[in-house]
Amino acid sequence: MAGTAGCEPLHLACRADHRLAGQAGVTIGQLADERFVEVPHGWTARLLSDAAFAGEAIPRRVVCEVGDWELFLELVSAGVGIGFAPVGLQYPVLTAPDSVLRLIPVEGVRLERHIYLILPSVGETSPAARRFAEQLLRVHPADS
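The notes below deal with the structure included here.

**Some thoughts on the environment of Pro86**
The topology assignment puts Pro86 in strand E5 (residues 83-86). Its relative accessible area of 0% is what places Pro86 among the buried residues. In this structure the C-alpha to C-alpha distance between Pro86 and Ala13, which are 73 residues apart in sequence, comes to 9.1 Å. Setting aside anything within four residues of it in sequence, one finds Pro86 in contact with Glu8, Pro9, Leu10, Trp69 and Arg113.

What follows is the structure in structure tokens.
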């Protein structure tokens with residue numbers, strides 16, 4: 001078996017009219033007293049965001065929890081709250097030219113999920129699986 005890994009940062013997702021939307025970056029401290037849309041406990045994004053707030057000793061108000069990234073983005077788009085989303089999401093609500101959403105890097109804390117792909121040995125890997133691994137690493141390069 002051969003393995004490969006990629007990394008994908010999480011950025012703050014908010015509406016374009018949010019008070020932080022025009023900033024080049026935000027800190028966890030700037031997010032105190034905000035309303036959050038979150039993914040379920042146990043998801044990597046939730047573990048990372050919970051740890052970031054705990055590390056700063058800042059309480060967080062989670063107003064909605066959903067187990068679907070597209071619904072997560074729709075709720076942020078509707079103004080229910082803000083949240084942390086992987087930058088590689090390609091849902092129309094985020095990528096449309098008229099999208100009301102912004103993704104802003106978070107400074108001072110490492111919010112990054114790791115993606116692992118385990119494949120059979122080189123001689124046993126199908127061309128499709130090899131191509132998929134190449135694409136994964138192109139979009140989500142491994143941290144060097």
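**Overview of the pattern of salt bridges**
A full pass over the atoms with the stated rule returns eight salt bridges. Here Arg46 ties to Asp50 by a salt bridge, and the two come within 3.1 Å at their closest N and O atoms. Taken together, the residues Arg46 and Asp50, both in helix H1 (residues 44-55) and four residues apart, mark about one turn of the helix. A salt bridge links Arg46 to Glu65, with the nearest nitrogen and oxygen atoms 2.9 Å apart. Residue Arg46 is located in helix H1, and its partner Glu65 is located in strand E4 (residues 61-65); the two are separated by 19 residues in the primary sequence. Three or more residues are tied together by salt bridges with common partners; here these are Glu38, Arg46, Asp50, Arg60 and Glu65.

What counts as what
- Residues numbered from 1 in each chain as written.
- Predicted model: local features only at pLDDT ≥ 70, side-chain atom pairs only at ≥ 80, totals over all residues.
- Heavy atoms only, no water.
- Helix = DSSP H or I, 4+ residues; strand = E, 2+ residues; numbered from the N terminus.
- Buried < 20%, exposed > 50% of the residue type's maximum accessible area, 1.4 Å probe, protein only.
- Contact = heavy atoms within 4.5 Å.
- Salt bridge = Lys/Arg side-chain N within 4 Å of Asp/Glu carboxyl O.

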